[in-house]
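Fold and contact review
Chain by chain, the residues:
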Amino acid sequence: MLTLFMEPQTWVVFFTLLTLEVVLGVDNLVFISVLCERLPKEKRRFARTLGIGLAVISRIGLLLSIAWVMSLTAPLFTIGTEPVTGKDLIMLFGGGFLLLKSTKELWAWLGHGEPITHSTQVRTGMAVILLQIVAVDAVFSMDSVITAVGLTQDVPVMVAAIITAAIIMMIAAEPVNNLVSRYPGFKTLALLFLVLLGVLLMAEGAGIHINKGYVYVAMAFGLILELCHIRLRHKQRLNIKRIGPHFSLKVSRRIADSR
């Protein structure tokens, strides 16, 4: 294994896979942050860490059962002239679940339907959330695992990239969760991002290939826009604080002069 990691080509493949896993991790991290909002505050960090850990284990499990994963690309049946594979079905059902879940969360967040409350039974609520995290991560991981096998056959390199990406996700989890919790615009943006991903996965399962780069560019634009709004609101609050004392002083002087 040491000899393997001494080769320059191994490091090129490793960083390529790491980049792929980190990009995939952004989707999963947003989903984890939104789901953990339903838990009490003191349980969220534990749930995020455990969710990321279980997601890593499931992803490594997919790598070790790569023969089964690759068999999912074989046609199961045809609809008209279009072949349908196991991967297509996973994408359709996984995307549908993500679309329904994120739409429900968005509907509740905007003040419709059932209000988002913390689970009264923390263990039950956490178990359901962790199962959802693992299920959605498995759907997200399908493409990355197949791409990883296309890049290299060395399982240690793939496992090292997954574990490194998981460490990065754990470091980034708290800042992402703070943004989602503190600023309503970020949570709305995150939920819309998940809705788009659900549609994207379903489209891919239906054989309609849409470049994910368009979604990432749109969400990056939305992120920049929200940052500008936060900056403007902060500037307005500072101006109010500066004007407030002077305005009160002017009013007091006018009252004194009128007397």
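Residues numbered from 1 in each chain as written. Predicted model: local features only at pLDDT ≥ 70, side-chain atom pairs only at ≥ 80, totals over all residues. Heavy atoms only, no water.

**Focus on the packing of helix α5 (residues 86–109) against helix α8 (residues 184–205)**
To be explicit about the condition: Note on definitions: angles span 0 to 180 degrees between N-to-C directions of axes, and those axes are lines fitted to C-alpha atoms, for helices only across the stretch in contact. Helix and strand assignments follow DSSP, with helices taken as H or I runs no shorter than four residues and strands as E runs no shorter than two, numbered in order from the N terminus. The cut-offs work like this: below 35 degrees is roughly parallel, past 145 is roughly antiparallel, 65 to 115 is roughly perpendicular, and the gaps in between are oblique. For any pair of crossing helices, the crossing counts as left-handed if the nearer helix is rotated counterclockwise from the farther one by less than a right angle, and right-handed if it is rotated clockwise. Residue type decides the class: Asp, Glu, Lys and Arg count as charged, Ala, Val, Leu, Ile, Met, Phe, Trp, Tyr, Cys and Pro as nonpolar, and the leftover types, Gly among them, as polar.
Running from amino to carboxyl end, α5 crosses α8 at an angle of 155°, the nearest separation of the two axes being 7 Å. By the angle class used here, α5 and α8 are roughly antiparallel. Note that α5 runs across α8; the crossing there is left-handed. Among the residues forming the contact of α5 with α8, the class breakdown is 15 nonpolar, 7 polar and 5 charged.

**Focus: the side chain of glutamine 132**
Applicable threshold: Think of it in three bands: with a 1.4 Å probe and only protein chains considered, a residue is buried below 20% of the maximum accessible area for its type, exposed above 50%, and partly exposed in between. Residues count as neighbours in contact if any of their non-hydrogen atoms are within 4.5 Å of one another.
Relative to the helices and strands, glutamine 132 resides in helix α6 (residues 122–151). Looking at glutamine 132, the relative accessible area reads 14%, which means it is buried. Non-local contacts of glutamine 132, meaning those with residues more than four positions away in its chain, are made with Phe31, Leu35, Phe97 and Lys101.

**Observations regarding empty space enclosed by the protein**
Counted only if it meets this: Detection works on a 1 Å grid of protein atoms alone, calling trapped sets that fit a 1.4 Å probe cavities and calling open sets with protein on both sides within 12 Å along at least five of seven lines pockets, with lining residues defined by an atom within 4 Å of a point. Grid points are joined across faces, edges and corners, and a volume is the space filled by probe spheres set on the points.
According to the stated counting rule, one finds 1 cavity of 30 Å³ or more in the structure shown. As a volume, the largest cavity reaches approximately 30 Å³. Every residue lining the largest cavity is listed: Phe31, Val34, Leu35, Lys101, Ser102, Glu105, Leu191 and Leu194. Listed by contribution, the elements that provide at least two residues to the lining of the largest cavity are α2 (8–36), α5 and α8. Across the lining of the largest cavity, the residue classes tally to 5 nonpolar, 1 polar and 2 charged.

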